[in-house]
Amino acid sequence: MGLGDQIYVLREWLTLDGLYEHHGIDCGDGSVIHYRKPSERIERTSWQTFSRGQPVQRLAEGQRFCFLPEIVVERAQSRLGEQKYNLLFNNCEHFATWCKTGISESQQIRRFLPLIDNLPLEGLKDPLTQALQGTDPRNAQRLLNEALGDIRLSWNELQPQYQQAQAEVQAWQAVAQQALQQQREDLARAALHKKRDYQQREAQLKTQLNQLATLTETILRDMLKTQADQGL
């Protein structure tokens, strides 16, 4: 491991079974730039602060394009102090991958972030409210688990829709450009109209995902508090 490497350490995922990868960029001098928890700010910290005593691993580059190590560190430094953490769209892996490749993505989101499409938010608010107001911690834990489970069930339905909307926006933009090159303004206008439709759908889905990301984190915090109250 060295200058510009994308590194990660395994950490416990609150009350969920298993672990998650906390990513950062190795500055080559014993420091790491990463989205630090719990401040949710991009900071340059010591190796010890980043690792928390756990083994640090280097993410294999494989066949992906990567910037030169010096450029990777420069990109990481350019975002120091940022406080725009979002579990769905801008987490620690999104940041580190952007520094390394220029693409903001997270391969582990599918494993850890539950999303929802057709289930209304009210379906989650009710059990969550009951859990918070209930007097029995065990019942609260059960209700929170059920709420989180309901969200998980719809992950595979929503994510493909969001990705498809993004793909359609790009596809219709390409159609419009090709039509203009052929001096077919009528076709270009029709293509741009379709593009706007998919942009609206994409925006709606992203808004919903952001709302649910916040709700999911609330549920996870409440689960952690409930376990603490039970002395687990």
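Residues numbered from 1 in each chain as written. Predicted model: local features only at pLDDT ≥ 70, side-chain atom pairs only at ≥ 80, totals over all residues. Heavy atoms only, no water.

This part covers the overall build of the protein chain. Secondary structure summary: the protein chain contains 8 helices and 5 strands in total. In the protein chain, the succession of α and β elements from N to C terminus is β-β-β-β-α-β-α-α-α-α-α-α-α. With 232 residues in all, the protein chain has 41% of them scored as buried. In the protein chain, once contacts between residues fewer than 6 apart in sequence are set aside, the share between residues at least 24 apart is 64%. Carbon and sulfur atoms make up 48% of the accessible area of the protein chain, which totals about 13,000 Å². (Helix = DSSP H or I, 4+ residues; strand = E, 2+ residues; numbered from the N terminus. Buried < 20%, exposed > 50% of the residue type's maximum accessible area, 1.4 Å probe, protein only. Contact = heavy atoms within 4.5 Å. Areas by Shrake-Rupley, 256 points an atom, 1.4 Å probe, with all protein chains shown as cover.)

The next subject is helix H3 (residues 92-101). Most of H3 is tucked away, with 9 of its 10 residues classed as buried. Along H3, the residues classified as buried are Cys92, Glu93, His94, Phe95, Ala96, Thr97, Cys99, Lys100 and Thr101. Capping the start of H3 is the job of one residue whose side-chain oxygen sits 2.9 Å from the backbone nitrogen of Glu93: Asn91. Positive phi appears at Gly102, one or two residues downstream of H3, with a value of about 90 degrees. (Polar contact = N/O pair within 3.5 Å; in protein donor to acceptor, adjacent residues only side chain to side chain.)

Our focus in this paragraph is the pairing of strand E4 (residues 41-46). As judged from the 6 bridges shared by strand E3 (residues 31-36) and E4, these two strands associate in the antiparallel manner. Bridge pairing links Ile33 to Arg44 in E4. A loop of 4 residues connects E3 with E4, the two strands running antiparallel in sequence, and Glu40 in this loop sits at a positive phi of about 55 degrees. (Pairing = 2+ DSSP bridges.)

Next up on the list: the packing of aromatic side chains. Overall, the coordinates contain 3 aromatic pairs when judged by the stated rule. Between Tyr35 and Phe95, the aromatic rings sit 6.2 Å apart at their centres with planes inclined by 80 degrees, giving edge-to-face as the arrangement. With Tyr35 in strand E3 and Phe95 in helix H3, the pair connects residues that are 60 residues apart, well separated along the chain. Summarising the burial analysis for this pair, Tyr35 and Phe95 share the class buried. An angle of 80 degrees between the planes, with centres 5.1 Å apart, marks the rings of Phe65 and Phe67 as edge-to-face. By way of ring pairs, the aromatic residues Tyr35, Tyr85 and Phe95 are connected into one cluster. Across the ring face of Trp98, the terminal group of Arg75 is positioned such that the distance to the ring centre comes to 3.9 Å. (Phe/Tyr/Trp six-rings, centres within 6.5 Å; stacked < 30°, edge-to-face > 60°. Lys NZ or Arg CZ within 6 Å of the ring centre and 35° of its normal.)

Moving on: the pattern of salt bridges. Inspection of the entire model under this criterion finds 9 salt bridges. Between Arg44 and Asp29 there is a salt bridge whose closest N-O contact spans 3.0 Å. Here the residue Arg44 occupies a position in strand E4, and Asp29 occupies one in the loop between strand E2 (19-26) and E3, the gap between them amounting to 15 residues. Arg79 is the salt-bridge partner of Glu82, the closest N and O atoms lying 2.9 Å from each other. Across this residue pair, the class does not change: Glu82 and Arg79 are buried. Bridged by salt links that share partners, the residues Asp5, Arg58, Glu61 and Lys100 form one connected network. (Salt bridge = Lys/Arg side-chain N within 4 Å of Asp/Glu carboxyl O.)

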